[in-house]
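Given next are the chains, with one letter for each unit.
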Amino acid sequence: MQSLINHLLQLQELVLILDEHRATGDGSHLERLAHDVEALSDGLPVPTRDFVRRLLKNDHIFIAPMYNGACAICGMRLPIGMIQSVRQAHDLQSDDLHTCPSCARILYEASESAHWTGVTHSRTEPRKMGIARFSSQTLMIPNMKAAKRDDAIIELANAMQDAKFVDDASKLVSAAIERENILSTGMENGLAFPHVRGVEGGGLTLALGTSRKGIAFDPEHKANIVCFLAIPTAVSAFYLRLVAGLSDSFGKAQNRASLLAANDQDSLWKALVKATRYSVK
Ligand SMILES: [Zn+2]
């Protein structure tokens, strides 16, 4: 039997995919997604379903990963007893739900996800601006080897691990492919935004790859620019603004051309910084 937490996580992901599709998609899957959200909520035990519906009225994130003994969404440090109960519920696959004493979201132990391991910047360093807050030259892959979606995701996830931003590329890959199988992130203008939510421990991270010949991303889309994002759950809403900003920048043919012309990490990074100067603050 599927555990209640897994059921809730699936529902959470679908609610956020529906938000993504509203913000950045073409609207063609709204009905199907809304129907799936309803079907999944209807399958919950009635008290849980009603509780989740109440939480959803305040915020679309109703289930919070516990990370380092704290609620990863509001940051509240949890009492030791509660940390143990949340862990036990996970180990025993029990249906006991625990909620954050501060933000009331349902807590779960996120033991199977990849984690952010990037370097936190010291206070003495100047604050980074624009796209440099989420990415770096080491996360650029000009002329990707991949010809297909999954290989592109593997290449970008490995770049994130090699540049020491995440601890486990293989977990990122399987989560990103699972996400694509619900709804492709391939878009018009040769863009794709594969991503993984629930990568806790730090900030949002973007790895970017280009392919002049194009990567077969889904039956309708060939991608020339692939943006792969690892997203902490707490910034899911910000992530939507970032993707909107990026697709706005890359909607301009001259920006796409300058990214695709880059043959090394340095020039790709410079082209990205220039292209996103106004769209990513
Ligand atoms: Zn909380």
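Residues numbered from 1 in each chain as written. Predicted model: local features only at pLDDT ≥ 70, side-chain atom pairs only at ≥ 80, totals over all residues. Heavy atoms only, no water.

J.: Looking at this structure, I do not really get the overall build of the protein. What am I missing?
T.: On a plain count of helices and strands, the protein comes out with nine helices and ten strands. For 281 residues, the compact-globule estimate of 2.2 N^0.38 gives 19 Å, and the protein sits close to it at 19 Å. Summarising its shape, the C-alpha atoms of the protein cover approximately 55 × 50 × 30 Å along the three principal directions. Here the protein holds 281 residues, and 48% of them are scored as buried. In the structure as shown, the protein presents an accessible area of about 13900 Å², 52% of it carried by carbon and sulfur atoms. The centroid of the 30 positive side-chain charges in the protein is displaced by 8 Å from the centroid of its 31 negative side-chain charges. (Helix = DSSP H or I, 4+ residues; strand = E, 2+ residues; numbered from the N terminus. Rg over C-alpha atoms; globule rule 2.2 N^0.38 Å. Buried < 20%, exposed > 50% of the residue type's maximum accessible area, 1.4 Å probe, protein only. Areas by Shrake-Rupley, 256 points an atom, 1.4 Å probe, with all protein chains shown as cover. Lys, Arg positive; Asp, Glu negative; His and termini not counted. Charge placed at Lys NZ, Arg CZ, Asp CG, Glu CD.)

J.: Mind showing me how you'd approach the domain arrangement of the protein here?
T.: Interfaces are often described in size by the accessible area the parts lose on coming together. As assigned here, the protein comprises domain 1 (4-109) and domain 2 (130-275). Counting residues at the interface gives 17 residues for domain 1 and 15 residues for domain 2. Across the domain 1/domain 2 interface, buried area totals approximately 1400 Å², and carbon plus sulfur atoms make up 70% of it. Sorting the residues of domain 1 by area buried against domain 2 places I17, E20 and T24 first, and these three jointly supply 35% of that buried surface. If you look at where domain 1 meets domain 2, you find four salt bridges. The interface formed by domain 1 and domain 2 includes five residue pairs in polar contact (both at pLDDT 80 or more). When residues of the side of domain 1 that touches domain 2 are traced back to their parent elements, those giving at least two are α1 (4-24), α2 (30-42) and β1 (63-67). Here the side of domain 1 that touches domain 2 is composed, by residue class, of ten nonpolar, three polar and four charged. (Domains from an automatic or database assignment. Contact = heavy atoms within 4.5 Å. Buried area = accessible area lost by both parts, 1.4 Å probe. Salt bridge = Lys/Arg side-chain N within 4 Å of Asp/Glu carboxyl O. Polar contact = N/O pair within 3.5 Å; in protein donor to acceptor, adjacent residues only side chain to side chain. Nonpolar A, V, L, I, M, F, W, Y, C, P; charged D, E, K, R; others polar.)

J.: I would appreciate a short explanation of the pairing of strand β4 (residues 106-109) in the present structure.
T.: Residues in a regular strand point their side chains to alternate faces of the sheet. Alternating residues of β4 divide into I106 and Y108 and L107 and E109, and every residue in both groups is buried. In this structure, β1 lies alongside β4, joined through four bridges in parallel fashion. Following the sheet pairing, P65 is matched in β4 by Y108. Across two bridges, the pairing between strand β3 (residues 98-99) and β4 is antiparallel. Bridge pairing in β4 places T99 opposite I106. Linking β3 to β4, which pair antiparallel, is a turn of six residues; within it A104 sits at a positive phi near 70°. (Pairing = 2+ DSSP bridges.)

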